[in-house]
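Breakdown of the fold
One-letter residues, chain by chain:
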Amino acid sequence: MDALLAGFEIACTPQNLLFVTIGVVLGQLIGALPGIGPSAGMALLLPVTFGLPPVTAIVMLAGIMYGGMYGGTLTSVLINVPGEAASVMTAVDGHKMAKQGRAGAALSIAAIGSFIAGFGAVAVLAVVTPLLASLALSFSSPEYFLLALLGLTATAGLGAGNAIKALLVACFGLMLALVGSDPIDGAQRLTYGVPQLLEGIDFLPIAIGVFGIAEVLASLENRYDAKPLPMRLRDMWLTSQEWAESRMAILRGSILGFVIGVLPGAGPTIAALLAYVAERRFSKHPERFGNGAIDGVAASESANNSAVHGALVPMLSLGIPGSASTAVLLAALVLQGIRPGPMLMTEQSSLVWGLIASMFIGNIILLIINLPLAPLFASVLRIPYDYLAPGILVLSLVGAYATTLSLFTVGLTLSFGVIGWLMMKADLPRAPLVLAVVLAPLMESSLRQSLMLSEGSPLIFLERPISAVLLLIILLPFLLPLLGYLLRLRRPAVAVTTPDPREVT
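What counts and what doesn't
- Residues numbered from 1 in each chain as written.
- Predicted model: local features only at pLDDT ≥ 70, side-chain atom pairs only at ≥ 80, totals over all residues.
- Heavy atoms only, no water.
- Helix = DSSP H or I, 4+ residues; strand = E, 2+ residues; numbered from the N terminus.
- Buried < 20%, exposed > 50% of the residue type's maximum accessible area, 1.4 Å probe, protein only.
- Areas by Shrake-Rupley, 256 points an atom, 1.4 Å probe, with all protein chains shown as cover.
- Phe/Tyr/Trp six-rings, centres within 6.5 Å; stacked < 30°, edge-to-face > 60°.
- Expected span 1.5 Å × (residues − 1).
- Bend = angle between axes of the 7 residues up to and from the residue.
- Polar contact = N/O pair within 3.5 Å; in protein donor to acceptor, adjacent residues only side chain to side chain.
- Contact = heavy atoms within 4.5 Å.
- Arc of directions from axis to C-beta.
- pLDDT = per-residue confidence, 0-100.
- Axes fitted to C-alpha atoms, helices over the stretch in contact; angles between N-to-C directions.
- Parallel < 35°, antiparallel > 145°, perpendicular 65-115°, else oblique.
- Left-handed = near helix turned anticlockwise from the far one by under 90°.
- Nonpolar A, V, L, I, M, F, W, Y, C, P; charged D, E, K, R; others polar.
- Salt bridge = Lys/Arg side-chain N within 4 Å of Asp/Glu carboxyl O.
- Patch = residues over 30% accessible without salt bridge, like charges linked within 9 Å, V, L, I, M, F, W, Y side chains within 5 Å.
- Core = buried A, V, L, I, M, F, W, Y, C linked by side-chain atoms within 4.5 Å.

**Things to note about the overall build of the protein chain**
Across its full length, the protein chain holds 22 helices and 2 strands. Taking all 505 residues of the protein chain together, 53% fall into the buried category. Here the protein chain displays about 22500 Å² of accessible surface, and carbon together with sulfur accounts for 69% of that area.

Shown next as structure tokens:
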């Protein structure tokens, strides 16, 4: 507590308060721009931190990191364009809520859930960092492969009742992820002589195309905006029923997100996916998921925000980047002449505790910014779609171009927009495609590293206790229906007899 109070003294200096505010506002804006994302925004702003004191520089960059999670909600809910991978699950139900006139409620529960998850995650980070860091250190390539596989099989729950369709779409996503160069020996795969494909197909052109551009095409075809949505403030606030449906989703998403975030390499995307699927299992009305379930928005938003804060545990304790954003933070520490590693909390205690205290303050600032402005953000939907669609299209293509500064990426985005529109026509879920592309690199590299360690033996996944538990969790959804079928076969058939009419009085 003494160290945390000292951290608040550092974070509450006028200069640090100013830069925390600048960081979270920039993060909000960067997260709302499709194609940039927090890690890219942090990397672009690294040169700005050269003349700043180390604590000031780090708290500003960290503000961009968790502020980006709030910003990614805006485009996901309003125009169905996830600003980054972690916002995909928010778009699944958040945009459906917007179409139902509940955009304000979706943005409000996202802001409240993000605040509760972020605040709670920072509190846990301050208390149990050494314990959780030792747990994360016990994970190796077999556990990472099974964690990615668990996320992939969990996409079966995203098919609106049809698990076969969801898994087939996920397999298509894995095929797309194979395009490019082999991560081990560098051999070309499925590039067909196109040099632009040597680095593979990035997540962003697929996500922007399949969600954003496909939604524009479908909306122009269906013209769903015949009547403007009501914009009264009381319509934008949460009802007691909506809060009752969301509070446990926020709690479960926060806990699961933090645990997943602590694992280096897992990240907020896997956390949001697993929290969404878990909440669908817990829900009394799972049929609402995919059709505007507010608890689905609450779970995924709480999980991705909690995971962002959890990723700081291995970075601060061990010097291991838990995500792309924390890798940029490590680069910023090195640029400031600070050596990251297990001795960071001892040698730079004022920086670490100042950073932790600044995250408490930053989450409060983000809540203050987001809640009053939720009706303003939701009012975007009052614009006639004939005028809104070109703006969404331009925003999507600019975001795609900004990732590589190549028109080839713009062409890919348009192509995936057509593919996403055809998937909507065929009633195929789109989220498994994007999530499979995100999970595939971790899945492939971890699998190959595991088999190299075991000299080709798959028993490595059973020999380690944590991996054996993960494998059992993956197999249970497949084994339980089979077990039920076998039990029904063994159950003796009950003879059905028809009473004699003469005996019926």
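There is more to say after this.
**A closer look at the packing of aromatic side chains**
Applying the stated rule across the entire model yields 2 aromatic pairs. Where F145 meets F461, the ring centres are 5.3 Å apart and the plane angle is 45°; that geometry is what we call tilted. Taken together, the positions of F145 in helix α7 (residues 141–154) and F461 in helix α21 (residues 460–463) put the pair 316 residues apart, joining distant regions of the chain. Each member of the pair F145 and F461 is classed as buried.

**Re helix α11 (residues 240–262)**
Over its 23 residues, α11 runs 33 Å from end to end, which matches the ideal 33 Å to within 8%, given 1.5 Å per residue. Along α11, the sharpest kink reaches roughly 30°, centred on S246.

**Some remarks on the side chain of N304**
Looking at the secondary structure, you find N304 in helix α13 (residues 294–310). Within the local environment of N304, its side chain forms a polar contact with the side chain of E301, the two groups lying 3.4 Å apart. When neighbours within four sequence positions are excluded, N304 is seen to be in contact with M69, A86, T90, P268 and A272.

**Section: helix α8 (residues 163–177)**
With 15 residues, α8 extends 21 Å between its outermost C-alpha atoms, agreeing within 8% with the 21 Å of an ideal straight helix rising 1.5 Å per residue. Residues of α8 that are buried: A166, V169, A170, G173 and L176. Taken around the axis of α8, the buried residues stretch over an arc of 110°, which confines them to a single face. Seen from the buried face of α8, the exposed residues on the opposite side, beyond 90 degrees, are I164, L168 and M175.

**A look at unusual backbone geometry**
It is generally the case that most residues other than glycine have a negative phi and that most peptide bonds are trans. Of note in this structure, L190 is not a glycine but carries a positive phi near 55°. Locating L190 in the fold gives a position in the loop between β2 (188–189) and α9 (203–222). Backbone geometry at E455 places phi at a positive 55°, although glycine is not the residue there. Assignment of secondary structure puts E455 in the loop between α20 (431–453) and α21. The exposure class of E455 is exposed, given its relative accessible area of 76%.

**What about the confidence of the model for the protein chain?**
As a note on interpretation, predicted positions should not be read in detail where pLDDT is low. Confidence in the prediction of the protein chain, expressed as mean pLDDT, is 76, and 80% of residues score 70 or more. At the level of individual helices and strands, the protein chain shows its lowest average pLDDT in helix α10 (residues 233–236), which scores 59, and its highest in helix α19 (residues 407–425), which scores 88. Segment residues 224–231 is flagged for pLDDT under 50; beyond a separation of four residues in sequence, or across chains, it makes 17 contacts in the model.

**Here we look at the side chain of E301**
Positionally, E301 belongs in helix α13. Excluding residues that lie within four positions of it along the chain, E301 makes contacts with M69, T73, T90, A110 and S114.

**Looking at the environment of L462**
In this structure, L462 sits in helix α21. In the structure, L462 is positioned 10 residues away from L472 in sequence and 9.6 Å away in space, judged by C-alpha atoms. When near neighbours in sequence (up to four residues on either side) are disregarded, L462 contacts S467, A468 and L471.

**A closer look at the packing of helix α4 (residues 54–78) against helix α5 (residues 88–99)**
At their nearest, the axes of α4 and α5 sit 7 Å apart, and the two run at 55° to each other. Between α4 and α5, the angle falls in the class oblique. For the pair α4 and α5, the crossing hand works out as right-handed. When α4 is examined against α5, the residues T73, S76, V77 and L78 are found in contact with a partner set consisting of T90, A91, G94, H95 and A98. Among the residues making up the contact of α4 with α5, the classes are represented as 4 nonpolar, 5 polar and no charged.

**Section: the pattern of salt bridges**
Here the structure, examined in full by the defined rule, presents 7 salt bridges. Linking R189 and D182 is a salt bridge whose minimum nitrogen-to-oxygen distance equals 3.5 Å. With a relative accessible area of 17%, R189 lands in the buried category. Of the charged contacts in the structure, one is a salt bridge between E444 and R448, with a shortest N-O distance of 3.4 Å.

**Some thoughts on a nonpolar patch on the surface**
On the surface, L475, L479, L482, Y485, L486 and L489 cluster together into a nonpolar patch covering about 570 Å² of accessible area. In this structure, L482 sits in helix α22 (residues 465–490).

**A few points about the packing of α4 against α13**
Two numbers describe how α4 lies on α13: the axes approach to 9 Å, and their chain directions differ by 165°. On the basis of their axis angle, the class for α4 and α13 is roughly antiparallel. Crossing angle aside, the handedness with which α4 passes α13 is right-handed. Touching M65, Y66, M69, Y70 and T73 of α4 are E301, N304, N305, V308 and H309, all from α13. Residue composition of the contact of α4 with α13, grouped by class: 5 nonpolar, 4 polar and 1 charged.

**Digging into the nonpolar core**
Soluble globular proteins: nonpolar side chains tend toward being buried together. Ranked by size, the top nonpolar core spans 131 residues in total, and within it I206 and I356 carry the most contacts. With 15 residues, the top contributor of residues to this core is α4. Not counting residues within four places of it along the chain, the set of residues in contact with I206 comprises L176, I201, F211, F416, L433, V434 and V437.

**A few points about the environment of V308**
Locating V308 in the fold gives a position in helix α13. Judged by its relative accessible area of 7%, V308 is buried. Taking C-alpha positions, V308 is 9.0 Å from A121, a pair spaced 187 residues apart along the chain. Residues within four places of V308 in sequence aside, it is in contact with M65, Y66, M69 and P268.

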